[in-house]
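# Overview (structure and organization)
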Amino acid sequence: MTRDWKKRLFSRGILVLDGAWGTEMIKRGLVPGECPELWNLDRPDDIRAIAKAYREAGADIILTNTFGGNYFKLKKAGVSSKVREINRKGVELSKEMAEDSLIFASIGPTGEFLKPLGVATEDEMISCFSEQVKAFVEGGADGVIVETMTDLNEAKCALKAVRENSDFPVAVSMTFEKGERGYATIMGITPGKAVVELEKAGADIVGANCGFGIENTVEIARIIRPATTLPLWIKPNAGAPQLEEGKTVYRETPEEMARFIPDLIKAGVSMIGGCC
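The sections below set out a description of the structure shown in this document. (Residues numbered from 1 in each chain as written. Predicted model: local features only at pLDDT ≥ 70, side-chain atom pairs only at ≥ 80, totals over all residues. Heavy atoms only, no water.)

## Details of the sheet that holds strand S12 (residues 271-272)
In plain terms, the rule: Two strands make a pair as long as DSSP finds a minimum of two bridges between them. In this description a helix means any DSSP run of H or I spanning at least four residues, a strand means any run of E spanning at least two, and both kinds are numbered starting from the N terminus. Between two residues, a contact is recorded if the distance between any of their heavy atoms is within 4.5 Å. Only C-alpha atoms enter the line fits that serve as axes; for helices the fit covers just the stretch in contact. Angles between N-to-C directions range over 0 to 180 degrees.
Taken in spatial order, the eight strands of this open sheet run S1-S12-S9-S8-S5-S4-S3-S2, and their pairing is parallel. The sheet is open, and its two borders are formed by strand S1 (15-16) and strand S2 (61-62), each paired with just one other strand. In this structure, strand S9 (residues 232-235) lies alongside S12, joined through two bridges in parallel fashion. Counted as the bridge partner of Ile 234 is Ile 272 from S12. Helix H8 (residues 152-165) contacts strand S3 (102-107), strand S4 (143-149) and strand S5 (170-174) of the sheet and is inclined by roughly 170° relative to S5.

Dropping the structure here:
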């Protein structure tokens, strides 16, 4: 089986991405405020179990428990000295269970704003993401997914870090919300503008994840498709999250989500999974 995602996509037409990691970890006892990425070191068997479950479910691409593994996030958890170790281990754990599945290491937002909105500089952002990427190389990842991004400039910093520190294929996935004027990130970037900019910046794959249910992502895919020639990556939530008795629940059933898969394919999406 080839480890080249392009050849796989060409031969199959559609690649199945994995599903949610956060909710799977919550099922296994992750509590609010706990650092999920620390499980790579403290509870590796649970992380292996999630990756294995996605492989057995038929995922062509499995992600890693490294979404918040950047310096800024880990510093808040008091474990900034373990950035390299946490990210390398995250890749290794998914890889141990992968067999024929590809491993795309996950990079999520830092939680910081770039200047002038915040205090972080572009150089600091790139350096922070580079630390993760170097660990992904050590762990033996097959690619990188920069996901759940709302700031296009932060997404570009992550993309640059991947390009400067590896030869990984890289997917960049933004999160959009629906307002009176249609879809945009909370920073006001429309799906069309986002993918044009990301293609120009060197992304191999572009798309959208998180936010809300699968029906909305069909609309987003229809907006994105004419704006780029790149493959589209879509990972919706199982509906908008709702709080019930102190627990976050997602109401869309597998059957409801499956109903929209043909529409996503018709809209030109070739990489489909779930979030978050």
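## Observations regarding the environment of Phe 129
Counting through the fold element by element, Phe 129 comes out in helix H7 (residues 122-139). Discounting chain neighbours no more than four positions away, the residues touching Phe 129 are Ile 107, Gly 108, Thr 110, Met 149, Glu 154, Cys 157, Ala 158 and Ala 161.

## Considerations on a nonpolar patch on the surface
Selection criterion: Like-charged residues are merged into a patch within 9 Å and nonpolar side chains (Val, Leu, Ile, Met, Phe, Trp, Tyr) within 5 Å, provided each residue has over 30% relative accessible area and no salt bridge. Areas reported as accessible are Shrake-Rupley estimates using a 1.4 Å probe. Residue values count occlusion only from the protein chains shown. Salt bridges, as used here, are contacts in which a Lys or Arg side-chain nitrogen is within 4 Å of a carboxyl oxygen on Asp or Glu.
Together, Phe 113, Leu 117, Ile 186 and Met 187 make up an exposed nonpolar region whose accessible area comes to about 410 Å². Note on placement: Met 187 falls in the loop between strand S7 (182-184) and helix H9 (191-201).

## What about the packing of aromatic side chains?
For any two aromatic rings, the description comes down to two numbers: the centre-to-centre distance and the angle of the planes. For the record, the criterion: Two aromatic rings from Phe, Tyr or Trp, using only the six-membered ring of Trp, form a pair when their centres are within 6.5 Å; if the ring planes differ by under 30 degrees the pair is stacked, by over 60 it is edge-to-face, and anything between is tilted. Here the term buried applies to any residue with accessible area under 20% of the maximum for its type, exposed to any over 50%, and partly exposed to those in between, with areas from a 1.4 Å probe on protein chains only. Geometrically, a charge over a ring is one whose NZ (Lys) or CZ (Arg) sits within 6 Å of the ring centre while staying within 35 degrees of the ring normal.
All chains considered together, the criterion is met by four aromatic pairs. Measuring from ring centre to ring centre gives 6.0 Å for Tyr 71 and Phe 72, while their planes differ by 70°; the resulting arrangement is edge-to-face. The class of Tyr 71 is partly exposed, set by a relative accessible area of 31%. Residue placement shows Arg 43 over the ring face of Trp 39; its charged tip is 3.9 Å from the ring centre.

## Topic: the nonpolar core
Our working definition: To qualify as a nonpolar core, a set must consist of buried Ala, Val, Leu, Ile, Met, Phe, Trp, Tyr and Cys residues joined through side-chain atoms within 4.5 Å.
Counting residues in each nonpolar core, the largest one holds 80 residues, and the members touching the most others are Ile 61, Phe 104, Ile 107 and Trp 233. With residues near it in sequence (within four places) discarded, Ile 107 still touches Phe 67, Phe 129, Gln 132, Val 133, Phe 136, Val 144, Ile 145, Val 146, Glu 147, Ala 158 and Val 162. In this structure, Cys 35, Leu 38, Leu 74 and Val 79 belong to the second largest nonpolar core, which totals six residues.

## Some remarks on the state of the cysteines
The criterion, for reference: In this description, the term disulfide denotes a pair of cysteine sulfurs within 2.5 Å.
For the coordinates displayed, the defined rule picks out one disulfide. The disulfide partner of Cys 275 is Cys 276, and the S-S distance across this bridge is 1.7 Å. What sets the handedness of the Cys 275 and Cys 276 disulfide is the S-S torsion sign, and at about 50° it is right-handed. For Cys 275, a relative accessible area of 10% corresponds to the buried category. Residue Cys 276 is classed as partly exposed on the basis of its relative accessible area, which comes to 25%. There is no disulfide at Cys 157, and the cysteine sulfur nearest it, in Cys 128, is 9.5 Å away.

## Some remarks on the pattern of salt bridges
Pairing of side chains with opposite charge becomes possible as their charged atoms draw close. Considering all chains together, one arrives at 21 salt bridges under this definition. The residue Arg 3 makes a salt bridge to Asp 142 at a minimum N-O spacing of 2.9 Å. Of the two residues, Arg 3 is situated in the segment before helix H1 (5-12) and Asp 142 in the loop between H7 and S4; the sequence distance between them amounts to 139 residues. Take Asp 142: its relative accessible area is 15%, and that puts it in the buried class.

## Things to note about the packing of helix H6 (residues 83-98) against H7
Rules: Any angle that is under 35 degrees is reported as roughly parallel, and any over 145 degrees as roughly antiparallel; angles of 65 to 115 degrees are reported as roughly perpendicular and all others as oblique. The sense of a crossing depends on the near helix, which, turned anticlockwise from the far helix by less than a right angle, makes the crossing left-handed and, turned clockwise, makes it right-handed. We call Asp, Glu, Lys and Arg charged. Ala, Val, Leu, Ile, Met, Phe, Trp, Tyr, Cys and Pro are nonpolar, and the rest, Gly among them, are polar.
Remark: H6 packs on H7, axes separated minimally by 8 Å, with the N-to-C direction vectors making an angle of 40°. By the angle class used here, H6 and H7 are oblique. Remark: the crossing between H6 and H7 carries right-handed chirality. Where H6 abuts H7, its residues Val 83, Arg 84, Asn 87, Arg 88, Val 91, Glu 92 and Lys 95 lie against Glu 131, Gln 132, Lys 134, Ala 135, Phe 136, Glu 138 and Gly 139. Partitioned by chemical class, the residues of the contact of H6 with H7 number four nonpolar, three polar and seven charged.

Note that every value here comes from positions in space, so none of it alone points to a role or purpose.
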